[in-house]
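Observations on the model geometry
Each chain, letter by letter, is given below.
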Amino acid sequence: MQAGPCILRAVRPSDFKNLSALCADIKVRDIERYTSEWFGRTSNIKVVARPRSVHEVSDVLKYCNSSGIGVTVFGGNTGLVGGTMAERSEVAISTEFMNRFLEIDVSSGIATVETGLILQNLQERLAIHHLTTPYDLGARGSCTIGGNLATNAGGINFIRHGPLRAHVVGIEAVLANGDVLDLMSKSRKDNCGIDLKQIFIGSEGTLGIITKARIHCPSLHQYRSVALISLKGDFTSTVLETLKKAKETIGESLSAFEFIDGEGAELVGPLPSGMDPKYSGFAVLVEASGSASVSDKIENFLEQLPDSVEGVVGSDLESMSKLWHYRELLPVKMASLGHNLKYDISLPQRELYKLVEGIRLRYANRPDVLKIVGYGHVGDGNLHLNVALDPQFERNPSLESDMSHSVYSYVSECGGSISAEHGIGRDKLEQLFFSKPTVVLEYTRALKKMLDPNGILNPGRTIL
Ligand SMILES: Cc1cc2nc3c(=O)[nH]c(=O)nc-3n(C[C@H](O)[C@H](O)[C@H](O)COP(=O)(O)OP(=O)(O)OC[C@H]3O[C@@H](n4cnc5c(N)ncnc54)[C@H](O)[C@@H]3O)c2cc1C
């Protein structure tokens, strides 16, 4: 049973005129950008509202709520689980014009922004003050702060800073009925009862639209150093042992630890150093950063590794971004092969790569399966398992549901999560019960019912 969108009606031409009286920027033509996403899926958005103030957001929501029209909340549209994809005829509310950098308190490192601000633009503004965001991701050039908060985005610095929600000092959110909740505390230490803002972080636009945020931002470390190494052997004795060594030798300066398996490395091409990880191996990217030079820490770490390990170090901006580019190219190369079945899961580290091996054993010999790769933020137990399907074959729903079942049953048995960082959206809705007990799903539905009784916000997504 889904949370109550049954009374919603389709958008009518008269709604365009009514909405135009409430929000200055209403689009009904040239809206393809809002009806398609990264994977080429299309959605049923009929009209796009682009508010410039919280009042316009509130008025549009009030109208949709009283008229029983579904609303899709729109940030940068880089989400990977269909969160912005409307199944029924809906209104989209895009935050793109609510994109101002409002304030920075340099001494506390707390930045106040409107949530349509693009992550990279925030990072550039913060860099002027030697600050940065407590998270970073490959989609930084397009994703918005609102989308990041709504998905509690993870990314490459999780190993150092932990989840984004831990750094959020305050938010402003608009409920389905148009009520504006001011949860914009200025203080990081605030134990005045229940911390209501946390229910909006990670709720993927189903409980309210986040319009403003205050985020605690750490110092931008002046010194960085990146090593890319190639390891031969099994996952536990190579990647996990190397992670242990990195923690011991680099300590609190360790800011990223990423791995790509041999299949993935083969697809991206030779490592930037000319090293060639064999099919059975792994490429590992390690980053250290700090307020003093970290090159010696990376050198010390490399010295602790067996002589057979090959590695290359980048300490200037150009060579470091070349090494990062190698890591970030993998999902792009995979997508270019054909449709990808993407699993973004977390598992206890020792169980993590067994899943890739098991899936390969079971499916790799099928003619319609082109490539199976495992990569991800191994320091956080976050595996991205991507399976590229051969475009010469018709999509096969029974293969896809069989594989999903295998993956998520394994995750459930190991006590992992079916969504480590991308959220639930439309794609993982039916699988939620692999990660959440029935009683938890029931209370989540009750919360949705209380805050959005007509079920207008992102219907059919995230809440089962
Ligand atoms: C190349 C690439 C790399 C990526 N790497 C990572 C990664 O490392 N880690 C990671 O966590 N994710 C990653 N992602 C996924 C994606 O970038 C994140 O989920 C991101 O946080 C989404 O932000 P967005 O602004 O694009 O949100 P959208 O895609 O627009 O929306 C995502 C969800 O949030 C809701 N939403 C958007 N704005 C608001 C708002 N203001 N208030 C309430 N709800 C809102 C939407 O309705 C939707 O359900 C990656 C994506 C790509 C394409």
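Described in the following lines is the structure provided in the data block. (Residues numbered from 1 in each chain as written. Predicted model: local features only at pLDDT ≥ 70, side-chain atom pairs only at ≥ 80, totals over all residues. Heavy atoms only, no water.)

1. Focus on the overall build of the chain
Scanning the chain for helices and strands turns up 13 helices and 16 strands. Over its C-alpha trace the chain gives a radius of gyration of 23 Å, about what one expects of a compact globule, namely 23 Å for 464 residues. Going through the 464 residues of the chain one by one, you find that 54% of them count as buried. Here the chain has roughly 20100 Å² of accessible surface; of this, 52% comes from carbon and sulfur atoms. Side chains of the chain give 48 positive and 54 negative charges; the mean places of these two sets differ by 5 Å. (Helix = DSSP H or I, 4+ residues; strand = E, 2+ residues; numbered from the N terminus. Rg over C-alpha atoms; globule rule 2.2 N^0.38 Å. Buried < 20%, exposed > 50% of the residue type's maximum accessible area, 1.4 Å probe, protein only. Areas by Shrake-Rupley, 256 points an atom, 1.4 Å probe, with all protein chains shown as cover. Lys, Arg positive; Asp, Glu negative; His and termini not counted. Charge placed at Lys NZ, Arg CZ, Asp CG, Glu CD.)

2. Quick look at the site of the ligand
In the vicinity of the ligand, 34 residues are found, and the nearest of them are Val73, Gly76, Thr78, Gly79 and Thr144. A distance of 2.7 Å separates an oxygen atom of the ligand from a polar side-chain atom of Thr78. Expressed as a share of its isolated accessible area of 970 Å², the protein-covered part of the ligand is 94%. Those elements that provide at least two residues to the shell around the ligand are β3 (71–74), α5 (145–150) and β9 (209–216). For the shell around the ligand, the element with the most residues is α5, which contributes four residues. (Near = heavy atom within 4 Å. Polar contact = N/O pair within 3.5 Å; in protein donor to acceptor, adjacent residues only side chain to side chain.)

3. Examining the state of the cysteines
If you walk through the whole model with that rule in mind, you get zero disulfides. Free cysteine: Cys217, not disulfide-bonded; nearest cysteine sulfur from Cys143 at 14 Å. (Disulfide = S-S within 2.5 Å.)

4. Re the packing of aromatic side chains
The way to describe two aromatic rings as a pair is by their centre distance and the angle between their planes. Counted by the stated rule, this structure contains 10 aromatic pairs. Ring centres 5.3 Å apart and planes at 20° place the aromatic pair Phe235 and Tyr353 in the stacked group. Pair noted here: Phe235 is in helix α7 (residues 235–250) and Tyr353 is in helix α11 (residues 349–363), with a separation of 118 residues, a long-range link. Considered together, Phe235 and Tyr353 belong to a single accessibility category, that of buried residues. Put simply, the rings of Phe235, Phe259, Phe282 and Tyr353 pair up and form one aromatic cluster. The positively charged end of Arg52 is found above the aromatic ring belonging to Phe97, 4.1 Å away from the centroid. (Phe/Tyr/Trp six-rings, centres within 6.5 Å; stacked < 30°, edge-to-face > 60°. Lys NZ or Arg CZ within 6 Å of the ring centre and 35° of its normal.)

5. Describing helix α12 (residues 397–414)
Along its 18 residues, α12 runs 26 Å from first to last C-alpha, staying within 8% of the 26 Å computed at 1.5 Å per residue. For α12, the complete set of buried residues consists of Leu399, Glu400, Met403, Ser404, Ser406, Val407, Tyr408, Ser409, Tyr410 and Val411. Check the buried side of α12 and you find it contacts β14 (340–346), α11, β15 (369–377) and β16 (382–389). Within two residues after α12, Gly415 carries a phi angle of roughly 75°, on the positive side. (Expected span 1.5 Å × (residues − 1). Contact = heavy atoms within 4.5 Å.)

6. Here's the deal with the nonpolar core
Taken as a class, soluble globular proteins show a tendency for nonpolar side chains to be buried jointly. Membership of the largest hydrophobic core comes to 50 residues, with the highest contact counts inside it found for Phe259 and Val407. Those residues in contact with Val407 that lie beyond four places of it in its chain are Tyr343, Ile345, Leu355, Ile359 and Leu385. Of all hydrophobic cores here, the second largest spans 29 residues; its members include Leu122, Tyr135, Leu149 and Cys217. (Core = buried A, V, L, I, M, F, W, Y, C linked by side-chain atoms within 4.5 Å.)

7. Re the packing of α7 against helix α9 (residues 295–303)
Interaxial distance between α7 and α9 falls to 9 Å at its minimum, and their mutual angle equals 140°. Taken together, the axes of α7 and α9 are oblique relative to one another. Between α7 and α9 lies a crossing of right-handed hand. Of α9, the residues touching α7 (which contributes Thr242, Lys245, Ala246, Thr249 and Ile250) are Lys297, Ile298, Asn300 and Phe301. Across the contact of α7 with α9, the residue classes tally to four nonpolar, three polar and two charged. (Axes fitted to C-alpha atoms, helices over the stretch in contact; angles between N-to-C directions. Parallel < 35°, antiparallel > 145°, perpendicular 65-115°, else oblique. Left-handed = near helix turned anticlockwise from the far one by under 90°. Nonpolar A, V, L, I, M, F, W, Y, C, P; charged D, E, K, R; others polar.)

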